[in-house]
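This is what each chain is made of:
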Amino acid sequence: MKYEKGDLVKFKPSSTIYGIMVKDLNLGIISDEAVLMYVHDWETDGVVRQYWAYTVLVADQTFINVPEEVLEKFENDDEENS
């Protein structure tokens, strides 16, 4: 699990959701606890991979089960100066 409830996130440009977003509104907040969608056990090298999904609130829209892979954390550059 990469994100927590309350984290600010952006949709990656490669995301299908990004194409329908107004570019000024490409900032959302994780509004609920992460959901473990499934676990995959790679038999060839013994690696177990977990796939997480999130509920993301953007303006007045709620996106449910957004895969972790299409999100990136929003970092405030001014945060260090405050």
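That block above? That's the structure.
Treat the numbers as computed from the prediction; the structure is a model and nothing was measured.

What counts, and at which threshold
- Within every chain, residues take consecutive numbers counted from 1 along the sequence as written.
- It should be noted that, the model being predicted, local features are given only for residues of pLDDT at least 70 and side-chain atom pairs only at 80 or more, the latter also being counted only at that level, while totals for whole chains, interfaces and linings use all residues.
- Heavy atoms throughout the structure, all of them, feed into the side-chain values; hydrogens and water do not.
- Pairing of aromatic side chains here covers Phe, Tyr and the six-membered ring of Trp, requires ring centres within 6.5 Å, and sorts the geometry by plane angle: under 30 degrees stacked, over 60 edge-to-face, intermediate tilted.
- Helix and strand assignments come from DSSP, with helices taken as H or I runs of at least 4 residues and strands as E runs of at least 2, each series counted from the N terminus.
- Exposure is judged per residue with a 1.4 Å probe applied to protein chains only, and the accessible area is read against the type maximum: over 50% gives exposed, under 20% gives buried, and values in between give partly exposed.
- Take the buried residues of types Ala, Val, Leu, Ile, Met, Phe, Trp, Tyr and Cys, join any two whose side-chain atoms come within 4.5 Å, and each joined set is a nonpolar core.
- Note on contacts: a residue pair is in contact if any heavy atoms of the two residues lie within 4.5 Å.

A. Fine view of the packing of aromatic side chains. One pass over the full model with this rule turns up three aromatic pairs. Their ring planes at 75° and their centres at 5.7 Å tell us that Phe11 and Phe63 sit as a pair that is edge-to-face. Within this pair, whereas Phe11 is found in strand E1 (residues 8-11), its partner Phe63 is found in strand E5 (residues 61-67), the two being separated by 52 residues in sequence. For the pair Phe11 and Phe63, a shared accessibility class is recorded, and that class is buried. Both rings, one in Tyr38 and one in Tyr51, keep their centres 4.6 Å apart while their planes meet at 20°; by these two values the pair is stacked. Of this pair, Tyr38 sits in strand E3 (residues 35-41) while Tyr51 sits in strand E4 (residues 48-58), placing them 13 residues apart in sequence. Using a relative accessible area of 46% as the deciding quantity, one classes Tyr38 as partly exposed.

B. Representation of the nonpolar core within the structure. Counting 14 residues, the largest nonpolar core has Phe11, Ile30, Tyr54, Val56, Val66 and Leu71 as its most contacted members. If you list the elements that add at least two residues to this core, you get E1, E4 and E5. In terms of residue count, E4 provides more of this core than any other element does, four residues in total. Discounting residues that sit within four places of it in the chain, Val66 has contacts with Phe11, Ile17, Trp52, Ala53, Tyr54, Val56 and Leu71.

The analysis is restricted to geometry; functional conclusions fall outside its scope.
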